[in-house]
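Residues per chain, in single letters:
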Amino acid sequence: MVIARSLKDAARLGSATTSLLLRRSEDLVCQNLMCAKIGEACVCRLAVHLSRLGKLKELDVAENDLGVLPEPVFELPALEHLDVSGNGLKDLPAGVAALSSLRTLRLSDNALTALPKELALLPLLTEVHVDGNSGLGSSDRVVEALQHRPQTTVVFGDAGDYSRRRQEDASTSSADR
Ligand SMILES: [Zn+2]
């Protein structure tokens, strides 16, 4: 694992980078004088860096209020874990279909009202978190399609319950030892 926790790290580590962790990062506040979003959350710098990170397996840009995801996010063929929670996203582009290695997708706490049907076609996808999107109902066609896949878990509703359950699982297994 080659982990970058800032865009400066990512630039230094270059294409060897496998994880880029930018949760609540100041790196995503725009400082580009040529950009209309200067001083606000912006993906312009992230987009440039991502296009050089072809081996990236993990990308965490949660809680940055980005509003949109940059196109190069959907050009990462090795990406296995994507966390875009807490970004005010109104939609998820169909380009997600290109993420053929994707296993975990965290979409919690956005403003999604639908999911692209392409999501249900990703062969390795095992975990999708959709809690905290008040406009996305459990009757959504794509949510239903995902729930019908035996290999996929859709975490829907109270995320707290889910993490508590995982903690209980963990304490049970440690008691067994
Ligand atoms: Zn910008």
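Residues numbered from 1 in each chain as written. Predicted model: local features only at pLDDT ≥ 70, side-chain atom pairs only at ≥ 80, totals over all residues. Heavy atoms only, no water.

Asks: Sorry if this is basic, but what is going on with the coordination of the zinc ion here?
Replies: Six octahedral donors around a metal ideally make angles of 90 or 180 degrees; four tetrahedral donors ideally make 109.5 degrees. Bound to the zinc ion on the protein side are Cys 30 (SG), Cys 35 (SG), Cys 42 (SG) and Cys 44 (SG), at distances that span 2.2 to 2.4 Å. Positions of the donor residues of the zinc ion, expressed as sequence spacing, correspond to C-x4-C-x6-C-x1-C. Considered together, Cys 35 and Cys 42 belong to a single accessibility category, that of buried residues. (Donors = N, O, S within 2.8 Å, 3.2 Å for Na, K, Ca; no water. Buried < 20%, exposed > 50% of the residue type's maximum accessible area, 1.4 Å probe, protein only.)

Asks: How should the environment of Pro 77 be read in this particular structure?
Replies: As for its position among the elements, Pro 77 is in the loop between strand 3 (58–60) and strand 4 (81–83). Distance in space between the C-alpha atoms of Pro 77 and Gly 54 is 7.2 Å, their sequence separation being 23 residues. The contact partners of Pro 77, leaving out residues within four places of it in the chain, are Gly 54, Ser 100 and Ser 101. (Helix = DSSP H or I, 4+ residues; strand = E, 2+ residues; numbered from the N terminus. Contact = heavy atoms within 4.5 Å.)

Asks: I would appreciate a short explanation of the sheet that holds strand 5 (residues 104–106) in the present structure.
Replies: The strands that make up a sheet are held in pairs by hydrogen bonds between backbone atoms, and each pair lies either parallel or antiparallel. The seven strands lie next to each other as 1-2-3-4-5-6-7, forming an open sheet whose pairing is parallel. The sheet is open, and its two borders are formed by strand 1 (3–4) and strand 7 (153–155), each paired with just one other strand. Pairing analysis gives three bridges linking strand 4 to strand 5, with the strands arranged parallel. Bridge pairing links Asp 83 to Arg 106 in strand 5. (Pairing = 2+ DSSP bridges.)

Asks: Where do I start with the pattern of salt bridges in this structure?
Replies: Side chains bearing opposite charge may pair, as long as their charged atoms lie close to each other. What the rule picks out here adds up to nine salt bridges. Between Asp 60 and Arg 23 there is a salt bridge; the shortest N-O distance is 3.2 Å. On the criterion of sequence distance, the pair formed by Asp 60 in strand 3 and Arg 23 in the loop between strand 2 (19–21) and helix 2 (44–50) is long-range, its members being 37 residues apart. Judged by relative accessible area, which is 40%, Arg 23 ranks as partly exposed. We note a salt bridge from Glu 127 to Arg 106, for which the minimum N-O separation is 3.6 Å. Placement of Glu 127 in strand 6 (residues 127–129) and of Arg 106 in strand 5 is noted, with a sequence separation of 21 residues between them. (Salt bridge = Lys/Arg side-chain N within 4 Å of Asp/Glu carboxyl O.)

Asks: I would appreciate a short explanation of the confidence of the model for the protein chain in the present structure.
Replies: Note: predicted coordinates in regions of low pLDDT should not be interpreted at a detailed level. Summarising the model, the protein chain shows a mean pLDDT of 90, and 88% of its residues fall at 70 or more. Counting contacts from residues 159–167, a segment whose pLDDT is below 50, to residues more than four positions away or on other chains yields six contacts. Overall, residues 172–177 carries pLDDT values under 50, and its contacts beyond four positions in sequence, including any with other chains, amount to zero contacts. (pLDDT = per-residue confidence, 0-100.)

Asks: What is the right way to look at unusual backbone geometry in this model?
Replies: Outside of glycine, negative phi angles account for most residues, and trans bonds account for most peptide bonds. Of note, Arg 24 is a non-glycine position whose phi angle comes to about 45°, a positive value. Secondary-structure assignment places Arg 24 in the loop between strand 2 and helix 2. The phi dihedral of Asp 109 falls on the positive side, at around 55°, and the residue is not glycine. Of the residues examined, Asp 109 reaches a relative accessible area of 48% and is grouped as partly exposed.

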